[in-house]
Amino acid sequence: MADEFDLFVIGGGSAGVRLARIAAGHGARVGVAESRFWGGTCVNVGCVPKKFMVMAAEYGLAADDAAGFGWPIERGAHDWARFIAAKDQEIARLNRAYTGLLERAGAQMFEGYARFVDAHTLEIGERRVRAARIAIATGGLPTRLEFPGSELAIVSDDAFHLPGRPQSVVMVGSGYIAVEFAGIFAGLGARVEQVYRQDLPLRGFDADLRVGVAEALAANGVVLHPSVTPVRLEAHGAVKKLFLSDGTSLEADCVFMATGRAPHVAGLNLAAAGVVTAPSGAIPINDQFQTNIEHIYALGDVTDRLNLTPVATAEGHALADRLFGGSERIVSLVGVPSAVFAIPPLASVGLSEADAPVGTRVFVARFTPMRHALSGRERRSVMKLLVDPVTDTVLGAHMLGEDAPEIIQGLAVAITAGATKADFDRTIGIHPTVAEEFVTMRTQTRVVGG
Ligand code: NDP
């Protein structure tokens, strides 16, 4: 039987949609299957609705801050149902935008779960399709720690459609999702406690930001419980009781487990195609996105390399160009900037101080941003540059504070282009901004290992 498709993409998320759309644009016969929602995690239960939730929380805080500027705003109660409806309306619009993009590009869409029958054949419900090449872009799913009662906790997928805003939340974990949702629920008025096994949140980020984010969480009213892990969860009526490794327990009406995500490979029947996975379920690939089976590719979170939407879309685009556009381009995962939408947010590009070589020059600034001189809010910004002592190249830039992701995105261009500290120093600032601090840091704070 002849192949119906030049490429069949499993998964209509950030990686899969971009791959299918660009490949179809190059003239390939493309099919794409999605079993849950077009746009995947980011659009439906991730980055996009999460950012609306952060904004909702920030508006409440801004209403309080406005008094210092002469606006005596009465905050009132947050209308959860109205907000969720508005958010869902926008997400539905984005879902349509995604399917519209695929349609206009000429990709054939299938709603259903695709399953390998053999290395060139997939079954989607009642239908069978054959493709010369198959790409797996099925993303990841939130995981739960395994302890008695852990199924009573919610995970991030649940957080976007709770029937109401919980009165109290115990957040488990201190990675991206835990830090972001602790800020969201505290900002929306819930009592939030956060339990995590490290001494500071956000393992892997620069230590000055980790200290700053712990201070910011506490300033927002989040009660921090570092260096503990949960051991048991019980429900007593509407109240959940979480028992911790130090013998204490916490009560709340919602326990939120944000303890990582795992590659979504269950049900694909990869064995039928001979595709191997790591013990975590991640699909290993080479730098051309090929799995151990030459014509089967994997990209995005299912490969569990750098689980960020812009990485997934870059991979999808590069693979489409490679297969059908005559390009040899590969995607570098070095120097990828990222942000955590805490309140205030933080963002980083390049090396953290812990990863920088001995001798690296360190510049750090901590200050109260101008807005909070009048708002009276307890909030500090942290900005940091790491500089190679020999070449003067800026190795890393880090910021905690309002607009940090917007500012670091700009700096990421300069750092990708190899900017030196002298380039930063000769750049004229824009005054009065927070960002100008990055071009006016003259006094070295310390030297790594010094
Ligand atoms: P992370 O890997 O970022 O964090 C997982 C958290 O769970 C960490 O605090 C980790 O602790 C803790 N944990 C894991 N296992 C255990 C255990 N056995 N006992 C106790 N604690 C445990 O995962 P998230 O779920 O927060 O997010 C998943 C991924 O999604 C992120 O890594 C990121 O790639 C992506 N993401 C990106 C966002 C963004 O770009 N803004 C936003 C949200 C998600 P420890 O640190 O000690 O390992």
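Residues numbered from 1 in each chain as written. Predicted model: local features only at pLDDT ≥ 70, side-chain atom pairs only at ≥ 80, totals over all residues. Heavy atoms only, no water.

Looking only at helices and strands, the protein features twelve helices and 22 strands. In terms of overall size, the protein behaves like a compact globule, its C-alpha atoms giving a radius of gyration of 24 Å where 450 residues would be expected to give roughly 22 Å. By principal-axis analysis of the C-alpha atoms, the protein measures approximately 70 × 65 × 45 Å. Long-range contacts, defined here as pairs at least 24 residues apart, represent 63% of the contacts in the protein between residues at least 6 apart. Accessible surface, the protein as shown: approximately 20100 Å² in total, 54% of it carbon and sulfur. Of note, the protein has its 41 positive side-chain charges centred 1 Å away from the centre of its 49 negative side-chain charges. (Helix = DSSP H or I, 4+ residues; strand = E, 2+ residues; numbered from the N terminus. Rg over C-alpha atoms; globule rule 2.2 N^0.38 Å. Contact = heavy atoms within 4.5 Å. Areas by Shrake-Rupley, 256 points an atom, 1.4 Å probe, with all protein chains shown as cover. Lys, Arg positive; Asp, Glu negative; His and termini not counted. Charge placed at Lys NZ, Arg CZ, Asp CG, Glu CD.)

Next up on the list: the pairing of strand β12 (residues 239–244). Summarising the sheet, strand β11 (residues 230–236) and β12 pair through six bridges and their orientation is antiparallel. Following the sheet pairing, Arg-232 is matched in β12 by Phe-243. If you look at the hairpin formed by β11 and β12, you'll find two residues sitting between the two strands, and Gly-237 has a positive phi there, around 65°. Inspection of the sheet shows β12 paired to strand β13 (residues 249–252) by four bridges, in the antiparallel sense. Note that in β13 the partner of Phe-243 across the bridge is Ser-249. Taking the residues between adjacent antiparallel strands as the criterion, β12 and β13 are bridged by four residues, where Gly-247 takes a positive phi near 90°. (Pairing = 2+ DSSP bridges.)

Here we come to the side chain of Ser-156. Position of Ser-156 among the secondary structure elements: in helix α5 (residues 156–159). Aside from chain neighbours lying at most four places away, what touches Ser-156 is Pro-142, Ile-177, Phe-256, Met-257 and Arg-261.

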